[in-house]
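Structure at a glance
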Protein chains: 2
Amino acid sequence: MDMKGWYIQTLYVLAKLGALGKALEIDTKTLSRYINTSQQTASRRIVELYKGGYIQRTFSKRRQALILTSKGVELLREVYMNLHMIFNNITSIQFEGMVFTGLGEGAFYVSLPFYKQQFIDKLGFEPYPGTLNLRLKSVDDVAKRRNLELLPSINIEGYSNSSRTYGSVKCYHALVNNSIKAAVIICSRTHYGPDVLEVISPLNLRKELSLNDGDVVKVSVNLRDTMIPNISH
Amino acid sequence: MDMKGWYIQTLYVLAKLGALGKALEIDTKTLSRYINTSQQTASRRIVELYKGGYIQRTFSKRRQALILTSKGVELLREVYMNLHMIFNNITSIQFEGMVFTGLGEGAFYVSLPFYKQQFIDKLGFEPYPGTLNLRLKSVDDVAKRRNLELLPSINIEGYSNSSRTYGSVKCYHALVNNSIKAAVIICSRTHYGPDVLEVISPLNLRKELSLNDGDVVKVSVNLRDTMIPNISH
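Residues numbered from 1 in each chain as written. Chains lettered and ligands numbered in written order. Predicted model: local features only at pLDDT ≥ 70, side-chain atom pairs only at ≥ 80, totals over all residues. Heavy atoms only, no water.

Some thoughts on the domain arrangement of chain A
All names here are of chain A.
- One can read the domain layout of chain A as domain 1 (6-87) and domain 2 (92-222).
- Relative placement of domain 1 and domain 2: their C-alpha centres are 35 Å apart.
- Both faces combined, the contact of domain 1 with domain 2 buries some 500 Å², and carbon together with sulfur accounts for 72% of it.
- The three residues of domain 1 that bury the most area against domain 2 are Met 81, Asn 82 and Met 85, which together make up 67% of that side's buried surface.
- Taken together, the connections running from domain 1 to domain 2 amount to one residue pair in polar contact (both at pLDDT 80 or more). (Domains from an automatic or database assignment. Buried area = accessible area lost by both parts, 1.4 Å probe. Polar contact = N/O pair within 3.5 Å; in protein donor to acceptor, adjacent residues only side chain to side chain.)

Shown next as structure tokens:
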């Protein structure tokens, strides 16, 4: 990872100055004062953030304008979400979703030895071969689900062979209906949108809770035990 | 200012790891991986943050424990508050307070030429000699008033002569009762607590709004036009 210590600070200053959502006209000298560096360093940082895909840069009549890209915004939003959790002492997130029948791929993927062994090692349980799919009930829950992705997760690595690529998976310890140990999984390669929560568990949740399509299930994600995910920032 | 670009990132990582509110046992090698530096650099950063007063450091049985000091926490809280404003697109903050009679010092300070000229230059108006003191009505407002301090402000510099020191003042553009141009001022040397809002205006607010002690006044702080304050981070 190439992420440098100053990335967050420089993007943060640019956002404060107004480079989030619209282009900010700023010369390198002015920026250097705001980020407390020499002009040369400020100039190098802009180039590096640009090359890293964190900002877009345009010139008009020799004047420079900068705007954060979605990658830059996501990095700051991740910092924001984590600080939000820390300062508000939030250690769990509640979801409610309606059971629906998926395409059955979950069972296939969860059973792949490469994934399965990582689930055992990192989550501490062997998942039942199958995922419980929940359609989230409220817009708030969908927003929380989007934010969840930005929070510390347990990371299951993907792999590639000659014929195809298996994506990485983010996992979060969870409790289903306040009773059954489980994990929410967010697959990097999924065709579900952020209105769907995929849950795995050592138990067959459908059977254990006598669930049918359309039943409502509560999922409480526990953030307390999760290691920080991205060791670079 | 000595603030370096990596301060925010390193304090942020330490907070995520749990060094906020309680001591975190962590060796330098582990930290170096989380902040993406060499072990030597991580070690230097810890020393620098410690010397800067941002973290406390203890050793027990040769194991190092780190905890953010209130200065370190405040820096992160400032980042959090600013990102909160940015991501939630908050451009004003509303307060309600009850008029009370202060000690009359406001009139004295506001009239000092050194301050007065800065008010004119930086706020765009000559303040009426006197401040309107408001006792905030709700705990929420007191919390907002605390947070206000962390947000970008217009800064009036203090000065010292041989006999005494005059503190700096943070100012925020505001509107009183949705009609009268004003500014909220936060004096670094004040004997009021965070439950008090001090307001200045080109007009005599008491007279203009026929205010008596005990009357309730609304103040809307406008954050949109404020320049970013701390050019170092």
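Thoughts on the packing of aromatic side chains
- According to the stated counting rule, one finds 21 aromatic pairs over all chains in the structure shown.
- Residues Phe 114 of chain A and Tyr 159 of chain A carry aromatic rings whose centres are separated by 4.2 Å and whose planes lie at 50° to one another, so their mutual orientation is tilted. Of the two residues, Phe 114 of chain A is situated in helix H6 (residues 113-123) and Tyr 159 of chain A in strand S7 (residues 159-160); the sequence distance between them amounts to 45 residues.
- For Tyr 159 of chain A, a relative accessible area of 27% puts it in the partly exposed group.
- An angle of 80° between the planes, with centres 6.4 Å apart, marks the rings of Tyr 115 of chain B and Tyr 166 of chain B as edge-to-face. Of this pair, Tyr 115 of chain B sits in helix H6 (residues 113-123) while Tyr 166 of chain B sits in strand S8 (residues 165-166), and the two are 51 residues apart along the sequence. Tyr 166 of chain B carries the same exposure label as Tyr 115 of chain B, and that label is buried.
- In textbook terms, an aromatic cluster arises when at least three aromatic residues are bridged by ring pairs, as seen for Phe 108, Tyr 109, Phe 114, Tyr 115, Tyr 159 and Tyr 166 of chain A.
- Over the face of the ring belonging to Tyr 34 of chain A we find Arg 33 of chain A, whose NZ or CZ atom lies 5.9 Å from the ring centre.
- Its end group placed over the ring of Phe 95 of chain A, Lys 144 of chain A keeps NZ or CZ at 5.6 Å from the ring centre. (Phe/Tyr/Trp six-rings, centres within 6.5 Å; stacked < 30°, edge-to-face > 60°. Helix = DSSP H or I, 4+ residues; strand = E, 2+ residues; numbered from the N terminus. Buried < 20%, exposed > 50% of the residue type's maximum accessible area, 1.4 Å probe, protein only. Lys NZ or Arg CZ within 6 Å of the ring centre and 35° of its normal.)

With respect to the sheet that holds strand S1 (residues 24-25) of chain A
Residues and elements named next belong to chain A.
- Strand order across the open sheet formed by three strands is S1-S3-S2, with antiparallel pairing between neighbours. Looking at which strands have only one partner, the edges of the open sheet turn out to be S1 and strand S2 (55-60).
- Where S2 lies against strand S3 (residues 63-68), six bridges are found, and the strand directions are antiparallel. Each residue of the ladder has a partner; that of Gln 56, found in S3, is Ile 67.
- Helix-sheet contacts for helix H1 (residues 6-17) involve S1, S2 and S3, and the interaxial angle to S3 is about 105°. (Pairing = 2+ DSSP bridges. Contact = heavy atoms within 4.5 Å. Axes fitted to C-alpha atoms, helices over the stretch in contact; angles between N-to-C directions.)

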